[in-house]
Structures are given as structure tokens and as C-alpha cells.
Amino acid sequence: MEELIKKIQQDAEKKISEIKDIKELQELKVKILGKKSELSEALKNLKDLSQEERPKIGALVNTARTKLEEKITEMEEKFARKNLEEKLEKEAIDITLPSKKIRRGSEHPLNRVIEEIEDLFTSMGYDVVEGPELETDEFCFERLNLPEGHPARDMQDSFYITDKYLLRTQTSAVQARTMVANEEKSPIRIITLGKTYRREDDATHSHQFNQIEGLVIDRKETKISLADLKGTLEVFMRKMLGDKTELRFRPSYFPFTEPSYEVDVTCFKCGGKGCSLCKQTGWIEVLGSGMVHPNVLKMNGYDPDKYAGFAFGTGIDRLAMFKYGITDMRYLYTNDIKFLKQFDRMDK
Ligand code: DAH
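Residues numbered from 1 in each chain as written. Predicted model: local features only at pLDDT ≥ 70, side-chain atom pairs only at ≥ 80, totals over all residues. Heavy atoms only, no water.

1. Comments concerning the site of the ligand
Phase 1: Neighbouring residues of the ligand: 15 residues in total, closest Q170, S172, R198, Q211 and E213.
Phase 2: Side-chain polar atom of Q211 to an oxygen atom of the ligand: 2.9 Å apart, as the coordinates give it.
Phase 3: Across the complex, the protein chains shield 90% of the 350 Å² of accessible surface that the ligand would expose by itself.
Phase 4: Secondary-structure elements contributing two or more residues to the shell around the ligand are β5 (208–219), β8 (283–292) and β9 (307–315).
Phase 5: Broken down by class, the residue content of the shell around the ligand amounts to four nonpolar, nine polar and two charged. (Near = heavy atom within 4 Å. Polar contact = N/O pair within 3.5 Å; in protein donor to acceptor, adjacent residues only side chain to side chain. Areas by Shrake-Rupley, 256 points an atom, 1.4 Å probe, with all protein chains shown as cover. Helix = DSSP H or I, 4+ residues; strand = E, 2+ residues; numbered from the N terminus. Nonpolar A, V, L, I, M, F, W, Y, C, P; charged D, E, K, R; others polar.)

Given below as C-alpha cells:
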């Protein structure tokens, strides 16, 4: 009996070690350890054995069983490992292979400038507000102290849609809109940026262009003055055109400000010495500005005895041209990929 069990074990071990795949192994497992296996039969026959032999053979059968179970588990693990390795190999991704190049667009120079201006002014506590591009004559002109027939309207020869509606010629319209919306309830500190339209088209003008406008209004006790306007515009221009930029304020006329100033900056090309860009003057005109006209305050719901403020406006396209050395404004609007690509790697 002992011999028989040893033989069964040896045969089974041999068969296990010769197995080629997991399926065969499962079948063999049933044959070796199942109810109808030789080992199970041997256990059944224990009852025919003598009293002394029974425990001995019983123990032998159990050891053989455990040994075989271990062997089978070992094989199962081996197959599982092999299976996983094969899978990993088959599904491996070669990360050293260069990927397909994704063509990336680049930020439009105008958007770069717009973002830079927004970042600067929001960092100084300004809100960024928006206004409609299709504007009424009332907000674009009348409420800014430019009544019908005012000669200053001629400079903004405009795209009228009806008698009442036009494509706004200046973002100054948003000044009036903001004052009306605030109803004298709070001080105002805003910038607004966006498209404006005029009947012009040459190397330095486009029928559609972009402006930025700033408006600050506060109670008279705060003593808001031209000094605040000057300081603000210095920070603005130096951020856009470089730390060395100097500003010059020239008295001028705008219907919505009193006093009004045009602001020049030192030519960023020659540094103020005089060159073809600044027509040998050393200065380039960039901004319109002034203290908000009392009529404008009054017409839009702010009492000029209690409130005062300053305003400024300029073309973003011109700023972008200065900043990046662009010679023709129309490049900004013709979607020439070769032109726009140049701004890919430019530092913000
Ligand atoms: N709106 C003026 C223009 O388009 C620019 C301007 C001048 C805006 C003076 C202002 C200002 O806010 O105070 O020419």
C-alpha cells in the first residue's frame, strides 16, 4: 500500500511538471485530487486496512495530497506570471517613440496686450467692465457732452445703423453707462476694453480697432486730482513700454474732460533723441485724458459738487504696434499666419 501511494504521488508529480498550459493543469488537478482520483480511492480503502496500518497510510495519503496541492498551486502561479508577462510585452508602449506633433496656435498680439492691461489695472483695484459695440447716439456722444451738431463729432465719422444706433466710435460710451448704472451709489474705478469703429483705413488706422478706457470717480473729500491721473498713466505706460518711458502732458481739448490733456511718451525707438518714427521730436502721442467734465458727471447722475474724477483712453492696437514694432496696423486684422506665428515665442 505504501509503495502504491508513493507511486501515485511520483506519477502525479511527473505529470504536473510536464504540463504545458493552465487549462491542462486544471484538468489534471481534478484527476489527481478529485473525488474519483487514485488518492481518494486509496482513502476509501483505508477501512479495509488493519488497525496499525490505517493511521500510517492515512497520514501518508494526506502528505501526498498536500504535496501535490502545493505543486499544483506553484504551477498555477507560474502560469499566471507567464500570462501577465506575455500580456505586458504585447501591450507595451514605447515611450521613447516621438509623438505626432500637435500644431499649436499662438496668442494674438492684441490679446497679449489686453491681458497685460487687465492684469495691471485689476492689481490696482480696478474692475473690468464691458459695454455694447452697437451703441446709441445718446451714450456714445450726448451723455459725453457732445450734443447733436457738435463739431467734435466730425472727427469720428461713423457707421450709423439707424439715426439712433451706430457702431461705437469710442469706449468712452462705457463711462456714461457705468455712471448711470451706479446711480451715484458708489465711487467708480473701472477700465473697459473693446472694439471701436470709425470710417478710416490706412497703415496706422483701421475701420475697426480697439480702445481701452479708464474712469475713476470718487467723493470730493478724497481730493482726487490730476496728480492721481499722472501717477496712474505713468505706471500704465511704463508697464507697457518700459521703465525708462517718460510722459509729457500737453493741454488739449476733449468734450468730456476739463481740463484735458494729450499724453506723449518718449520715443521707445530712439529713447527721445529723435528718429523717423517720432518724426525727430523724441515724443510719440499715445493717450487722451483729463478730469471728468462737470456736465458729464451731472448728465449721468453724479453731483459735480460732491464728486470728481479722471478719465483716460487710448488705442490698444497702437500700443501693440509700439510694443512689438509692428509697422502696419492692418497686419493685426488680416489673419496672416506667418505674421502671427512670430509671437509664438515672445515673452509676455
Ligand atoms: N475717446 C477719446 C478718443 O477716442 C479718447 C479719450 C480722451 C478718452 C480723453 C478719455 C479721455 O477718457 O478722457 O479719441
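2. A few points about the domain arrangement of the protein
Interface size, as often reported, equals the accessible area lost upon joining of the parts.
Phase 1: Domain boundaries assigned for the protein yield domain 1 (2–88) and domain 2 (109–346).
Phase 2: Here the C-alpha centre of domain 2 lies 92 Å away from the C-alpha centre of domain 1. (Domains from an automatic or database assignment.)

3. What about the pairing of strand β7 (residues 257–266)?
Phase 1: Among the ten residues of β7, eight are classified as buried, and the element is accordingly described as predominantly covered.
Phase 2: Pairing of strand β6 (residues 247–254) with β7, which is carried by seven bridges, proceeds in the antiparallel orientation. When the bridges of β7 are listed, R250 appears paired with E262.
Phase 3: What sits between the antiparallel neighbours β6 and β7 is a turn of two residues.
Phase 4: Relative to β8, β7 runs antiparallel, the two sharing eight bridges. The residue bridging T266 from the neighbouring strand is W283, located in β8. (Buried < 20%, exposed > 50% of the residue type's maximum accessible area, 1.4 Å probe, protein only. Pairing = 2+ DSSP bridges.)

4. A few points about a nonpolar patch on the surface
Phase 1: A surface patch of nonpolar side chains, about 270 Å² in accessible area, is lined by L134, I161 and Y165.
Phase 2: When you line up the elements, I161 lands in the loop between α6 (137–140) and β3 (165–167).
Phase 3: Given the relative accessible area of 52%, I161 is considered exposed. (Patch = residues over 30% accessible without salt bridge, like charges linked within 9 Å, V, L, I, M, F, W, Y side chains within 5 Å. Salt bridge = Lys/Arg side-chain N within 4 Å of Asp/Glu carboxyl O.)

5. Looking at the nonpolar core
Phase 1: Among the nonpolar cores identified, the biggest contains 46 residues, and I117, F121, I212, L233, F236, M237 and F312 are the most heavily contacted of them.
Phase 2: What M237 contacts, discounting residues up to four positions off in sequence, is G242, T245, L247, V265, V286, L287 and L319. (Core = buried A, V, L, I, M, F, W, Y, C linked by side-chain atoms within 4.5 Å. Contact = heavy atoms within 4.5 Å.)

6. Topic: the pattern of salt bridges
Phase 1: As enumerated under the stated definition, the model contains 22 salt bridges in all.
Phase 2: For the salt bridge of D137 with R153, the shortest nitrogen-to-oxygen distance reads 3.0 Å. Linking D137 in helix α6 with R153 in the loop between α6 and β3, this pair joins segments that are 16 residues apart in sequence.
Phase 3: Note that E221 is salt-bridged to R219, the shortest N-O span being 3.2 Å.
Phase 4: Looking at E221, the relative accessible area reads 57%, which means it is exposed.
Phase 5: Accessibility expressed as a relative area gives 34% for R219, which makes it partly exposed.
Phase 6: Each of the salt bridges in this network shares a partner with another, and the network as a whole consists of R248, R250, E262, D264 and E285.

7. As for the packing of aromatic side chains
Phase 1: Enumeration over the complete set of coordinates arrives at eleven aromatic pairs.
Phase 2: Their ring planes at 20° and their centres at 6.1 Å tell us that F254 and F256 sit as a pair that is stacked.
Phase 3: The interplanar angle of 45° and the centroid separation of 4.9 Å between the aromatic rings of F268 and F322 together place this pair among those described as tilted. Of this pair, F268 sits in the loop between β7 and β8 while F322 sits in helix α10 (residues 316–324), and the two are 54 residues apart along the sequence.
Phase 4: With a relative accessible area of 28%, F268 lands in the partly exposed category.
Phase 5: An aromatic cluster of three or more residues is present, and its members are F121, Y126, F236 and F312.
Phase 6: Seen from the ring of F139, R177 lies directly overhead, with NZ or CZ sitting 4.1 Å from the centre. (Phe/Tyr/Trp six-rings, centres within 6.5 Å; stacked < 30°, edge-to-face > 60°. Lys NZ or Arg CZ within 6 Å of the ring centre and 35° of its normal.)

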